[in-house]
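Breakdown of the fold
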Amino acid sequence: MFVLETRSLRKSFGEGEAAVEALRGVDLGVQQGELLAIMGRSGSGKSTLLTLLGGVDVPTSGQVLLEGVDLATMSDDQRTLIRRRRIGFIFQQFNLLPILTAEENVSLPLELDGIPAAEAKKRATEKLEMVGLASRKLHIPGKMSGGEQQRVAVARALAIEPTFLLADEPTGNLDTSNSKRVMSLLRKLVEDHQQTIVMVTHDPAVSAQADRIIHLLDGQVEREELLRERRSVTAQLAEARPR
Amino acid sequence: MSLRRFSQRAMLSRPGRTALTIASIVIGVAAVVSVSIVTATTRESYQVMFAAVRGRTSLEVTAQNTGPIPADLVAKIAAVEGVEGAVPVVQRPSRLTIKEDKRIQLQVMGIDPETDKLVRDMEVIEGHPLAVDDGDKILLEADFAHNLEIRVGDDVRMLTNKGGIGPKKMKVVGLVKMSGGGALIQTGLVFMPVKQAALRFLGKHPETGKDQITSVQIVAKKGTDLKALQGAIEPLLAKGEEVREPKGGAQVLGETLLSTEQGLKLTTAFTLLLSAFIILNTFLMNVGERRRQLAIMRAVGATRDQIAGMLVGESLLLAAIGTVVGILCGLGAAYLLVSSLSKLLDISLPSPVQYMLQPWPYVAAVIFGFAVSLIGALFPAFRAWRVSPLEGLSHVSKQDMTTVPRIHIIIGLVTTIIGCVLIGLGIAGKIPIDIPQYGAVAQLIGIVLMYPLVLVPFSYVTSLLMGWRRPVETNLALKQILRHRGRTSLTVGVLFIAGATGVAMAHSILDNVRNLKEWYRKALVGDYYVRGMLPSMATGTSADLPEEIEAPLVALEKSGEIAYLDRAKMLEAQAKVVKRAQPVDITKEIPDELNVILIIRQSHEPKTSPFDLISPPEPEKRADILQRMRAGDVIIGNIAAARLQVSDGDTLEIGGSEGNHQVHICGVTNDYLAAGITLYMDWDVGKKLLNFQGVDGYIIRARPDQLLALKPKLEAISKEHDVLLNSQAEIGLRVNRISNGISGCLWGLIALGFIVAAFGVVNTLSMNVLEQTRELGLLRIVAMTRLQVRRTISIQALIIGAVGLVPGVLFGLGIAYIINLAMEPSYGRPIEFTLHPGLMLFALVGSMLITWFAAVIPARRAASVDLAQALHYE
């Protein structure tokens, strides 16, 4: 079963002659513990696809199924709660709140959900430790490098124990060294914690870290590239059994 | 809670804007608190004084024109079935002189110490009570005495009508507290034995030699039918005496305070309106600036309600701070206002502190403070509620708000129409006079909401006029202004309101002051005036002059140094309409009878009539108006005429010593004495009709060659009798001082409005500079000097200023015209509208300068943008 699935997904903007079809019937599925990269040129529809997968926007037609539940049929508040509790966002521009500290930025979605501040702070610290920034938890984003800010953003996305992470050009604003560091972190989440990640990128070096790449062209899936064989747990166990 | 932390830090990161929002609330709340306390202090203090005078009186017997009645009536009335008690009273206005020169106006109550407790509850808290034969001994109300630093055992001097030359020394033997409603309020009341009061103020009846009093206060037995009791008492009374329920007694005060209160209420309404718009603008800026952050919060899981709730929470926090500070400022302002009023009007007003201890000013403050803040924050909270998480994912940083929702325009149009209707109905006299002012407020709100319709064309025209010397900077300035039409419209709207209200109030002030000076020029025809004190604000009557002063003045008249010696007396009377020539306006309430101040005076001066006549219109009728008065006609004050809906040609009935008399009205005069509720009668006619004694004032016309020589002689006489002497020039100065004082307060409020509006401009320009950081950086790199950047920002300020202030000033003219028209139904006279081009030019240039000055700091900031950082600004 797919963690995240789309069926005949369409999205149009505008009306009449000015209407633009950003997505024209996209079918895809994301498995648990998979790092899926979505690539395409500017205007291919990848950012639109990301917003629909994240429940930020609703499709014109088609379905976005999160563990079998269609996001498109939900109200704005319901989708907001889904984002808060089950989807972690990582943005190209980090999008940390500049006047909150790293710890406060990470605990934000938890506190929005009514989790007591003390408990939220504890979880935030754990996630910051996970990304190697526990010592910077009281610093504001303005006092951090780009790489550090992006890692705080990753920690924020992880704080809610999400079903999956959505990353929009996560290394787009980083230098090579920090890009490698962030990608290494994401890869580790997939390998060690079975975290599902859907990532939009135009950088081949970044997409090379994915398990699978979907190429979009003019709002449709042009082709799919399998980079790492996804072996089922049964197959792995079967291989490990002595002959 | 992260949202609260975010909210607090966001507010602290913009201290100027936050301070401006709080300042707006402070000003509004301070206005509400100070106006309500000042109004209550002046009104209630006199109401309670009247209540203290009335006590438990069920009925009272008086002369129909407040003249004396025989003291032996008391025993006769006390014997009537149904009467629990009847107490004699002598009540007269007078004046105390404390130490050397402090003069305080008050009411003297001559009471029978043995029987007065039937009517009044008084507790002697220091000293001892009065005895029947105590002579010149007095009791003072305790708080009143403490306020004046008078102690038991002190001697004070009291101006009396009889008993020899000079004021009479009175010993203070006790301080009292009135129980019931008067317990907390200091009142200007002096109690003395009724026998001594009669001796000092009334004397014995000139023909019968009997003792006299001014009233008998009657307490009825429980369950007695008052109408029946009245019927039983009436046969005991002579002609000119009447028995009635005690008078309410604050009509003159009410009218005097009405225009001041209306002015203060209108100012408060405009202040609150300014506050609401400033708060709206700053909150919209907050939402605009934080838009991306709000979108991020939405993206990571904040619901719309949480975002909107955060904004509302901010407004409540700022409201709480602003309300507390506003209350403190309002209390201070109330204290200053009351002491200023006391000094200006020469009256003793109680300290407002006792009203500050009551809860209602604070309740009103909290309601207004929170309401204005919430109203200002409502729409921005709705904007924040609509922020989509898509904006957080988008690479376009901010949403341009170039369009203004159509609903604003529709609401603006509807509100403007409602305002016009209310004003029209007010001018036509179909609705009470205080309603149209809210119509003016509605109009202003409506116009501000519709401003986006005209913002673009006005801005283009203004920029064309300004841009001939600096076209590049002007073009850039215009583009930035129009980039955020909502924000610009609001800033312009605030300036529009400041300009309109400022010019309207300034015009109104100037026209009213001119009217007052015109009245003074016509009505005050004497060279010198001798009087005990200014007429009481509450009753309109004045302290009696000692009768001994007549002889030396008459001597000066006989010696030829005085050309004319005119006498004047002020009495309370009831006037009833007997006949009207014109039909009445049935939409207005007309009282059955009106308490008026009857001013009986001589006018020997043949050429000059001391009236600022409104009617009759015919010059020949005005020329012989004094002749007609000598024949028995009366002239009525404009407010009294408006209340009774009478004019020249109509007939009134007033009470006299021989019963009711009908008098014919020969003219209506503009009058600032006794709030215009006046009736003027010739001295000889009054002497015949009414049983009055004494003189309240002398109006002296010197022979032209004796004008200066007369003064020292008059001064000597006045000093000997401890009365006041004023020359016409001195009264003129006094009138100027009072009107300048009141005008000064209003000018101060107008200036404050402009300054607050200017802060709004600072806010908007600062926000514009912040948003343009990257563009400014690019411009600086490419070509622009710092000076050119500063100019661009300054030109933004000038365009905003011109687009708001020029229409505002013109609209203010319209409001001023409407205010003047609206005054006619209630004031019985039109206030002539005059264009004051100097004022308008001053207002326009002055306010544009303030606006230009408001651009200094944002312009400096813009010019000192760090070029490297600016290019990376989002």
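This one's a predicted model, so the numbers in the text were calculated from it and none came from an experiment. (Residues numbered from 1 in each chain as written. Chains lettered and ligands numbered in written order. Predicted model: local features only at pLDDT ≥ 70, side-chain atom pairs only at ≥ 80, totals over all residues. Heavy atoms only, no water.)

**A word on the overall build of chain B**
The condition is simple: Strands are runs of DSSP state E lasting at least 2 residues, helices are runs of H or I lasting at least 4, and numbering of each runs from the N terminus. Relative accessibility under 20% of the residue-type maximum defines a buried residue, over 50% an exposed one, and the middle range a partly exposed one, all with a 1.4 Å probe and only protein chains included. Residue contacts are defined here by distance: any two heavy atoms, one from each residue, within 4.5 Å place the two residues in contact. Each accessible area is a Shrake-Rupley result for a 1.4 Å probe, and residues are judged covered by the shown protein chains and nothing else.
Broken down by element type, chain B carries 28 helices and 22 strands. Of all 874 residues assigned to chain B, the portion counted as buried reaches 57%. Within chain B, counting contacts between residues at least 6 apart in sequence, those at least 24 apart form 83% of the total. Of the roughly 35,300 Å² of accessible surface on chain B, a fraction of 62% belongs to carbon and sulfur atoms.

**Focus on the overall build of chain A**
Selection rule: Here the globule rule is a power law, 2.2 Å times the number of residues to the power 0.38, and the radius of gyration is based on C-alpha atoms. The positive count covers Lys and Arg only, the negative count covers Asp and Glu only, and His and the chain ends enter neither. A single reference atom marks each charge: NZ on Lys, CZ on Arg, CG on Asp, CD on Glu.
The helix and strand tally for chain A stands at 8 helices and 10 strands. In summary, chain A has a C-alpha radius of gyration of 18 Å against a globular reference of 18 Å for 243 residues, a match within 12%. For chain A, the spread of C-alpha atoms along the principal axes amounts to about 60 × 50 × 35 Å. The buried share of chain A, taken over its 243 residues, is 54%. Of all intrachain contacts in chain A linking residues separated by at least 6 positions in sequence, the fraction that spans at least 24 positions is 67%. In the form shown here, chain A has an accessible surface area of approximately 10,900 Å², with 48% of it arising from carbon and sulfur atoms. Positive and negative side-chain charges of chain A, numbering 31 and 33 respectively, have mean locations separated by a distance of 4 Å.

**Quick look at the sheet that holds strand β4 (residues 61-66) of chain A**
Residues and elements named next belong to chain A. Quick note on the threshold: Any two strands between which DSSP finds at least two bridges are classified as paired. Every axis in this analysis is a line fitted to C-alpha atoms, fitted for helices over the stretch in contact. Angles between the N-to-C directions lie between 0 and 180 degrees.
In spatial order, the strands read β2-β1-β4-β5; together these 4 strands make up an open sheet with antiparallel pairing. Each edge of the open sheet is held by one strand with a lone partner, namely β2 (20-30) and β5 (69-70). Examined bridge by bridge, β4 and β5 share 2 bridges and lie antiparallel to one another. Following the sheet pairing, leucine 66 is matched in β5 by valine 69. Packing of helix α1 (residues 46-53) onto the sheet brings it into contact with β1 (4-13), β2 and β4, and relative to β1 it is tilted by some 120°.

**Observations concerning the packing of helix α26 (residues 837-854) of chain B against helix α27 (residues 856-863) of chain B**
Residues and elements named next belong to chain B. Defined as follows: Throughout, the term roughly parallel applies to angles under 35 degrees, roughly antiparallel to angles over 145, roughly perpendicular to angles from 65 to 115, and oblique to all others. The classification used treats Ala, Val, Leu, Ile, Met, Phe, Trp, Tyr, Cys and Pro as nonpolar, Asp, Glu, Lys and Arg as charged, and all other residues, Gly among them, as polar.
Put simply, α26 and α27 touch, their axes get as near as 5 Å, and they point 30° apart. Relative to α27, the element α26 lies roughly parallel. On α27, the residues touching Trp852, Phe853 and Ala854 of α26 are Val856, Ile857 and Pro858. Split by residue class, the contact of α26 with α27 holds 6 nonpolar, no polar and no charged.

**Quick look at the sheet that holds strand β3 (residues 35-40) of chain A**
Note: strands within a sheet are paired through backbone hydrogen bonds, in either parallel or antiparallel orientation. Residue and element names in this part refer to chain A. Strand order in the open sheet formed by 6 strands is β6-β7-β8-β3-β9-β10, with mixed pairing between adjacent strands. Every interior strand has two partners, whereas the edge strands, β6 (87-90) and β10 (220-226), have only one. Direction aside, the axes of adjacent strands within the sheet are offset by 20° on average. In terms of strand pairing, strand β7 (residues 164-168) meets strand β8 (residues 196-200) through 5 bridges, oriented parallel. Looking at the pairing, phenylalanine 164 lines up with threonine 196 of β8.

**Observations regarding the pairing of β6(A)**
Residues and elements named next belong to chain A. The alternating pattern of β6 places Ile87 and Phe89 on one face and Gly88 and Ile90 on the opposite face, and all of these are buried. Relative to β7, β6 runs parallel, the two sharing 4 bridges. If you follow phenylalanine 89 over to β7, its bridge partner there is leucine 166.

**Some words on the packing of aromatic side chains**
All names here are of chain B. The line we're drawing: Only rings of Phe, Tyr and Trp enter the pairing, Trp through its six-membered ring, and a pair is recorded when the two centres are within 6.5 Å. The plane angle decides the type: under 30 degrees is stacked, over 60 is edge-to-face, the rest tilted. Here, a charge over a ring means that NZ of Lys or CZ of Arg falls within 6 Å of the ring centre while also lying within 35 degrees of the ring normal.
For the coordinates displayed, the defined rule picks out 7 aromatic pairs over all chains. Both rings, one in phenylalanine 379 and one in phenylalanine 382, keep their centres 6.5 Å apart while their planes meet at 35°; by these two values the pair is tilted. Of this pair, phenylalanine 379 and phenylalanine 382 both sit in helix α11 (residues 360-385), 3 residues apart, which is roughly one turn of the helix. Members of the aromatic cluster, each reached through a chain of ring pairs, are Tyr451, Phe458, Phe496 and Phe811. Its guanidinium or amino end placed over the ring of tryptophan 385, arginine 304 lies 4.9 Å from that ring's centre, counting from NZ or CZ.

**Some thoughts on the nonpolar core**
All names here are of chain B. To keep things clear, this is the line we draw: Nonpolar core, defined: a set of buried Ala, Val, Leu, Ile, Met, Phe, Trp, Tyr and Cys residues in which side-chain atoms within 4.5 Å join the residues together. Residue ranges for the domains trace back to a domain assignment, done automatically or taken from a database.
In this structure, Phe277, Leu444, Phe496, Ile497, Leu765 and Phe811 are the most contacted members of the largest nonpolar core, which totals 65 residues. Of all the elements, helix α16 (residues 485-523) adds the most residues to this core, at 13 residues. Looking at this core, you find at least three residues from each of domain 1 (1-57 + 248-394) and domain 3 (447-519 + 730-874). Beyond its immediate chain neighbours, meaning those up to four positions away, leucine 765 contacts Ile793, Gln796, Ala797, Ile800, Ala855 and Pro858. The next biggest cluster of nonpolar side chains, apart from the first, holds 48 residues, and it includes Ala543, Ile562, Ile700 and Ile717.

**Section: the interface of chain A and chain B**
Test applied: Here the quantity called buried area is the total loss of accessible area, with a 1.4 Å probe, experienced by two parts when brought into contact, counted for both. Salt bridges are defined by distance alone: a side-chain nitrogen of Lys or Arg within 4 Å of a carboxyl oxygen of Asp or Glu. Within 3.5 Å is the distance limit for a polar contact, defined as a pair of N or O atoms, with the added protein rule that one can donate a hydrogen and the other accept it, and that residues adjacent in sequence qualify only through two side-chain atoms.
Counting residues at the interface gives 26 residues for chain A, matched by 26 residues for chain B. Per-residue buried area on chain A facing chain B is highest for Ile99(A), Glu111(A) and Leu112(A); these three make up 22% of the total on that side. The tally of links from chain A across to chain B stands at 5 salt bridges. For Asp76(A), the salt bridge is made with Arg304(B), and the minimal N-O distance between the two is 3.2 Å. Counting every contact that joins chain A to chain B gives 13 residue pairs in polar contact (both at pLDDT 80 or more). Elements with a contribution of two residues or more to the side of chain A that touches chain B: α2 (76-86) and α3 (102-112) of chain A. Here the side of chain A that touches chain B is built from residues that sort into 10 nonpolar, 7 polar and 9 charged.

**Section: the environment of Ile435(B)**
Position of Ile435(B) relative to the elements: it lies in the loop between α13 (406-427) and α14 (436-466). Distance from Ile435(B) to Ile423(B), taken between C-alpha atoms, is 7.9 Å for residues 12 residues apart in sequence.

**Description of the pattern of salt bridges**
Inspection of every chain in the model, using the stated rule, returns 45 salt bridges over all chains. With a shortest N-O distance of 3.4 Å, Glu111(A) and Arg5(B) are connected by a salt bridge. Here Glu111(A) is found in helix α3, whereas its partner Arg5(B) is found in helix α1 (residues 2-12) on a different chain. Assessed through its relative accessible area of 3%, Glu111(A) is described here as buried. Looking at Arg5(B), the relative accessible area reads 18%, which means it is buried. Taken together, the shared-partner salt bridges connect Glu104(A), Glu111(A), Arg5(B) and Arg9(B) into one network.

**Some points on the domain arrangement of chain B**
Taken domain by domain, chain B comprises domain 1 (1-57 + 248-394), domain 2 (58-245), domain 3 (447-519 + 730-874) and domain 4 (520-729). Computed from C-alpha coordinates alone, the two centres of domain 2 of chain B and domain 3 of chain B are separated by 59 Å.

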